[in-house]
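Chain residues, written in single-letter form:
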Amino acid sequence: MRILSLALRRLAASLPTLFVILAGLFLLLQLAPGDTVDALVAQMGGGDAAMIEELRRHYGLDLPVAVQLGNYLWRLVSLDLGHSAIYGKPVVDVILERLPATLLLMVSALSFAFAAGMALGVIAARRVNKWPDTAISTLGLVFYATPSFWFGLMGIVVFAVRLAWLPPGGFETIGAGYTGVARVLDIARHLLLPTVTLALIFLAIYLRIMRASMLEVLTLDFVRTARAKGLNETAVVVRHVLRNALLPMVTLIGLQAGAMLGGSVVVESVFALPGLGRLAYDSVVQRDLNTLLGIVFVSALLVIVINFVVDLAYARLDPRIGAGH
Amino acid sequence: MSFTRRDALKTGPAVALGASIPALAQAQAKGEPRRGGTVTVHMQGEQRILNPALRASTGVYVVGGKIMEPLVDLNAKGEPDPVLATSWESSPDGKTITFKLRQGVNWHDGKPFTSADVQFTAMEMWKRHLNYGTALQLYLDGVDTPDAHTAVFRYSRPMPMDLMLRAMSDLGYIAPKHVYEGTNVLENPANTAPIGTGPFKFSKYERGQYVIAVRNENYWRKGFPYLDQIVWRFIPDPAAAVAAIESGQIQISAEGALPLADLDRLKKDPKFEVSSRGNEGNAVMNTIEFNFRRKELADRRVREAIVRALDVEFFCENFLYGFAKPAKGPIPSSSPKFFPKDAPAYPFDKKKAEALLDAAGYKRGADGKRFSIRLVPAPWGEDITLWSTFIQQSLQQVGIGVEIVRYDAAGFLSNVYKDWNFDLATGWHQYRGDPAVSTTVWYRSGSPKGAPWTNQWGWQSDQVDKLIDAAAFETDPAKRRQLYADWVKRVNDEIPLWMAIERLLISVTNKSLQNHHNQPRWISSSWHDLWLSA
């Protein structure tokens, strides 16, 4: 029950933020020169003025901005995200089609970054100032400093073009008609390079945080107590240090969910993945306002949900937080 | 097996063609066509509609042109080739054009193709919605259907037969009446799941990912198509597309969408053919558009000076890897019928340019500058970005300062064509086989504000307008040609805008493909005779 009310309170608090974001974005996009009909005409290579006027009426672009915004918000209240001008179908459908690829990419990249970052961070902390620490920290620095699109392109050149081990892009083999396990493996093969590409920069951050956090917790009194009562080193690290050192890592997941959505725009472009990031980019370029606002809406919900889950995870890791003190 | 275009190519015409397109004759010699296989095609952008009867755009034809068919296409020599129409005839006054239609053709849903489909498509799609079609069919009064396989187009003003036929390959696709009748044609679901008469049947469309079409077993060209399946994949990122073609994931990238440096590299790879053969029907010209509302640019001498200050030859060789050449005005050399042999060139001459500017009264100031202008480049294609920087550098040399202002597609169109917020603009003009289809609108005055790729420069010449109007309704081909020659001469003298570079789209094709690029608008054509070697 407490969880439910916490969830509702969180949601209610984020509604005004959501409203400000959507209205702001709507108005901001009005400042961009050109509208969806201009983009459409550019795409089809020209047309005459009468046809262009008719298209403007067709998309409701001849109405004043205030009326357009009012219409949009009114529809939003009834949870209708409107109609996409590019795709010619409801925005909800368009987004639902693209959501799986992005979610899959995000979840796998986040898990990989988190797990590998944690493992490397622990190793570095345990061997602090020895060669494993130096090697891991240097690697982290390289990952952090290199732009992800470069990693992506290099990955494609080496593993797809030269060695031909992995596909250079796409979400699955098109037209092959795989089902069941074969399809899962096919998708996994396609997602391997993009996942690693998106994850590396986050891995570097997790590694640094984990290392620092471990080093800090290792100096605390209860670790000394644990050692003093004769626990072996593994038990000390796993049961006492790790659990406490994880808190800042979990915080970071919540913060980085948004950044990861942003990063996926680049990765989805480089690997030709049909995800939300690329959809957002296409919507901006084609001035498809409804779709763009829909994506922002869904992304905001996504970030809110992830942060909520993070809060729950806190409670598991540190019972003091869940008790409401 | 019936006599096909491919067979025709093997014999007489192939010899004649061999001279101009040597690789084509070679491609014929690779043995018997093999049935089966999947060809995957790179698509850079995604269109909102796949119905070429509603949207005239190469991006639509590349997919829709395999599924739906026009009345007339082009053959290997660039001449009209019967598809859904078998013969055509014009009345002496040019106001009536009669098409005899092919019999025994069925839509993919099994219904027969008849003249009612032609009538419906012409009146409800070409005349009302199709870009360029609305202008072409402006004086179309109606289409009579005396029987199921005859369609008679009635015009209130003469329609030149050669214009009609050349336009039909792009603007003559037929849609099924029984699918569209009584619906909002722009919203009809068949626009993204097209039903046609073509060699391939629409199968699946995953937005942002791919389109699949499969073999039409009941195609009217018996024994065709050879392929089982065509897959179009949407890959907007050029680097990703290059990787896909190098790893063999895709076999064709046809719209010139790959980076020039990669094209240059792939050219040396024996696995690929990098060439513009088969793209002759799709000449692209780089323009310089002058805003006449700037008093400096309204002066003919200044415009000539700007044209003369640009070393186009140098640019083509060094920046475009030789994939282009200098143009001579509005008609590209790939259109021999209208291309003027004696076109005045404005060869690169910096001294002359400086002299012209001095004569026009714009002497260099104390800082060496005469005046400054804003250049708005279109965002399509790497070549335009390079070209705009080249313009900037070159004009600086003769004392004209240039500030480049970049926008995305929507921003470019609204700034240049709606708000006239530019001094110089540069982009692409696509020449579609006949000056009347999409070229003369760039010069004809009286275009409403906001219509892109029309005369929005503020330039006006009664004489040029008269020539354009007269040629558009002239049914005698020889007179028509003369009118266009006069027109070219006039606009080349006046330089209301300058088409500086002409080039053809460059295709990258995997060598496993056979019978590809065998007609001037091949990427848009039906691909019924395309096959894949083992």
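Residues numbered from 1 in each chain as written. Chains lettered and ligands numbered in written order. Predicted model: local features only at pLDDT ≥ 70, side-chain atom pairs only at ≥ 80, totals over all residues. Heavy atoms only, no water.

Chemist: So what exactly am I meant to see when it comes to the overall build of chain B here?
Modeler: Helix and strand content of chain B: 19 helices and 22 strands. Here chain B has a C-alpha radius of gyration of 24 Å; the compact-globule value for 534 residues is 24 Å, and the two agree. Principal-axis analysis of the C-alpha atoms places the extent of chain B at approximately 75 × 55 × 45 Å. Out of the 534 residues in chain B, the part that is buried amounts to 61%. Nonlocal contacts in chain B, meaning residues at least 24 apart in sequence, comprise 71% of its contacts between residues at least 6 apart. In the structure as shown, chain B presents an accessible area of about 19100 Å², 51% of it carried by carbon and sulfur atoms. If the 65 positive side-chain charges of chain B are averaged to one point and the 59 negative ones to another, these points end up 1 Å apart. (Helix = DSSP H or I, 4+ residues; strand = E, 2+ residues; numbered from the N terminus. Rg over C-alpha atoms; globule rule 2.2 N^0.38 Å. Buried < 20%, exposed > 50% of the residue type's maximum accessible area, 1.4 Å probe, protein only. Contact = heavy atoms within 4.5 Å. Areas by Shrake-Rupley, 256 points an atom, 1.4 Å probe, with all protein chains shown as cover. Lys, Arg positive; Asp, Glu negative; His and termini not counted. Charge placed at Lys NZ, Arg CZ, Asp CG, Glu CD.)

Chemist: Teacher, can you tell me more about the overall build of chain A here?
Modeler: For chain A, the helix and strand inventory stands at 13 helices and zero strands. Starting at the N terminus and ending at the C terminus, chain A contains elements arranged as α-α-α-α-α-α-α-α-α-α-α-α-α. Dimensions of chain A, computed from the C-alpha atoms along their principal axes, are close to 85 × 55 × 40 Å. Counting over 325 residues, chain A shows a buried share of 48%. Put simply, of all contacts in chain A between residues at least 6 apart along the chain, 73% involve residues at least 24 apart. For chain A, the computed accessible surface area is about 15900 Å², with 70% contributed by carbon and sulfur atoms. Counting 25 positive and 20 negative side-chain charges, chain A places the averaged centre of each group 17 Å from the other.

Chemist: What is the right way to read the sheet that holds strand E6 (residues 140-147) of chain B from this model?
Modeler: Picture the strands of a sheet paired through backbone hydrogen bonds; they go either parallel or antiparallel. Residues and elements named next belong to chain B. The four strands are arranged E4-E5-E7-E6 in an open sheet whose pairing can be described as antiparallel. Sheet topology places strand E4 (85-90) and E6 at the edges, where each strand pairs with a single neighbour. On average, each strand axis in the sheet is inclined to that of its neighbour by 20°, with strand direction left out of account. Bridge analysis of E6 against strand E7 (residues 150-155) gives five bridges, and the strand direction is antiparallel. Each bridged residue has a counterpart across the sheet, and for Val143 the counterpart in E7 is Phe153. In the packing of helix H5 (residues 115-126) onto the sheet, contacts are made with strand E5 (96-101), E6 and E7, and the angle to E6 comes to roughly 170°. Each of E4, E5 and E7 is contacted by helix H7 (residues 161-171), which is oriented at about 45° to E5, the strand it contacts most. (Pairing = 2+ DSSP bridges. Axes fitted to C-alpha atoms, helices over the stretch in contact; angles between N-to-C directions.)

Chemist: In this structure, what is going on with the confidence of the model for chain B? I would like to understand it.
Modeler: Caution applies to low-pLDDT parts of the model: their predicted coordinates are not meant to be read in detail. Residue and element names in this part refer to chain B. With 94% of its residues at a pLDDT of 70 or more, chain B has an overall mean of 88. Within the model, pLDDT remains below 50 along residues 1-29, and this stretch shows 40 contacts once partners closer than five positions in the same chain are excluded. Model confidence for the complex: the whole-complex pTM is 0.82, and ipTM, which rates the interface, is 0.74. (pLDDT = per-residue confidence, 0-100.)

Chemist: Honestly, the nonpolar core in this entry has me stumped. Any pointers?
Modeler: The tendency in soluble globular proteins is for nonpolar side chains to be buried side by side. Residues and elements named next belong to chain B. Grouped together as the largest cluster of nonpolar side chains are 100 residues, with contacts concentrated most on Phe290, Trp380, Trp387, Leu395, Tyr443 and Trp487. Per-element tally for this core: the top contributor is strand E19 (residues 497-504), with six residues. Once you skip the residues sitting within four places of it in the chain, Leu395 turns out to touch Ile306, Ala309, Ile373, Ile400, Val402 and Leu424. Counting 75 residues, the second-largest nonpolar core is a separate cluster that includes Ile49, Phe99, Leu171 and Trp531. (Core = buried A, V, L, I, M, F, W, Y, C linked by side-chain atoms within 4.5 Å.)

Chemist: Looking at this structure, I do not really get helix H4 (residues 65-77) of chain A. What am I missing?
Modeler: Think of an α-helix as turning once every 3.6 residues; residues three or four places apart then point the same way. All names here are of chain A. The end-to-end C-alpha distance of H4, which contains 13 residues, comes to 19 Å, matching closely the 18 Å that a straight helix rising 1.5 Å per residue would cover. Among the residues of H4, Gln68, Leu69, Tyr72, Leu73 and Leu76 are the ones counted as buried. Projected down its long axis, H4 carries its buried residues within an arc of 125°, all on one side. Counted as exposed and oriented over 90 degrees from the buried face of H4: Ala66, Trp74 and Val77. Immediately beyond the C-terminal end of H4, within one or two residues, lies Leu79, with a positive phi of roughly 60°. (Expected span 1.5 Å × (residues − 1). Arc of directions from axis to C-beta.)

Chemist: Honestly, the interface of chain A and chain B in this entry has me stumped. Any pointers?
Modeler: When the parts of a complex come together, some accessible area is lost, and that lost area is often taken as the interface size. Counting residues at the interface gives 50 residues for chain A and 51 residues for chain B. Of the roughly 3800 Å² buried at the junction of chain A and chain B (both faces included), carbon and sulfur atoms supply 56%. On the surface where chain A and chain B come into contact, there are two salt bridges. The shortest N-O distance in the salt bridge between A:Asp38 and B:Lys418 comes to 3.0 Å. (Buried area = accessible area lost by both parts, 1.4 Å probe. Salt bridge = Lys/Arg side-chain N within 4 Å of Asp/Glu carboxyl O.)

Chemist: Whenever I open this one, the side chain of A:Thr197 confuses me. Can you help?
Modeler: By secondary structure assignment, the location of A:Thr197 is in helix H8 (residues 180-218). Other than its neighbours up to four places away in sequence, A:Thr197 contacts A:Ser148, A:Phe151, A:Gly152, A:Val267 and A:Phe271.

Chemist: Is there a simple way to explain the pattern of salt bridges in this structure?
Modeler: Pairing between side chains becomes possible if they bear opposite charge and their charged atoms approach one another. All names here are of chain B. Considering all chains together, one arrives at 42 salt bridges over all chains under this definition. Across the pair Arg215 and Asp228 runs a salt bridge, and its minimum N-O distance is 2.6 Å. Within this pair, whereas Arg215 is found in strand E9 (residues 210-215), its partner Asp228 is found in the loop between E9 and strand E10 (229-234), the two being separated by 13 residues in sequence. With a shortest N-O distance of 2.7 Å, Glu304 and Arg308 are connected by a salt bridge. With a gap of four residues between them, Glu304 and Arg308 both fall in helix H12 (residues 300-308), about one helical turn apart. Residue Glu304 is classed as buried on the basis of its relative accessible area, which comes to 8%. When its relative accessible area of 11% is taken as the criterion, Arg308 is described as buried.

Chemist: Would you mind showing me how to read the sheet that holds E9(B) here?
Modeler: Residues and elements named next belong to chain B. Read across the sheet, seven strands follow the order E8-E9-E10-E1-E11-E20-E12 without closing on themselves; strand pairing throughout is mixed. Taken across any chain shown, the strands that pair with only one partner, and hence form the sheet edges, are strand E8 (200-206) and strand E12 (272-275). Sheet topology note: the strand E11 (residues 252-253)/strand E20 (residues 507-510) ladder contains two bridges and is antiparallel. Note on E20: the bridge partner recorded for Ile252 is Thr509.

Chemist: When you look at the packing of helix H7 (residues 148-162) of chain A against helix H10 (residues 233-270) of chain A in this model, what are you seeing that I'm missing?
Modeler: Axis angle and axis distance: for two packed helices, these are the angle between their axes and the distance between the axes, and together they describe the pair. Residue and element names in this part refer to chain A. In the contact formed by H7 and H10, the axes pass within 9 Å of each other and the chain directions differ by 25°. Comparing their axes, H10 and H7 come out roughly parallel. Along this stretch, H7 crosses H10, giving a crossing that reads as right-handed. In this structure, H7 uses Ser148, Phe149, Gly152, Leu153 and Ile156 to contact H10, whose residues at the interface are Val266, Val267 and Val270. Along the lines of polarity and charge, the residues of the contact of H7 with H10 split into six nonpolar, two polar and no charged. (Parallel < 35°, antiparallel > 145°, perpendicular 65-115°, else oblique. Left-handed = near helix turned anticlockwise from the far one by under 90°. Nonpolar A, V, L, I, M, F, W, Y, C, P; charged D, E, K, R; others polar.)

Chemist: I tried to follow the pairing of strand E1 (residues 38-43) of chain B on my own but got confused; where do I start?
Modeler: If a strand is regular, its side chains alternate between the two faces of the sheet. All names here are of chain B. The buried fraction of E1 is high, at five of six residues. Bridge count between E1 and E11: two bridges; the pairing is parallel. Paired with Val41 across the bridge in E11 is Ile252.

Chemist: What is the right way to look at a nonpolar patch on the surface in this model?
Modeler: Together, A:Phe149, A:Trp150, A:Met154, A:Val157, A:Val158, A:Phe159, A:Leu163, A:Trp165 and A:Val266 make up an exposed nonpolar region whose accessible area comes to about 780 Å². In this structure A:Phe149 comes out as partly exposed when scored by relative accessible area, which is 41%. (Patch = residues over 30% accessible without salt bridge, like charges linked within 9 Å, V, L, I, M, F, W, Y side chains within 5 Å.)

Chemist: Help me understand the pairing of E12(B), please; the structure alone is not making it clear to me.
Modeler: Residue and element names in this part refer to chain B. Of the two faces of E12, the one lined by Phe272 and Val274 and the one lined by Glu273 and Ser275 are each fully buried. Bridge count for E12 against E20 is four bridges, and the pairing is antiparallel. Bridging across to E20, Val274 finds its partner in Val508.

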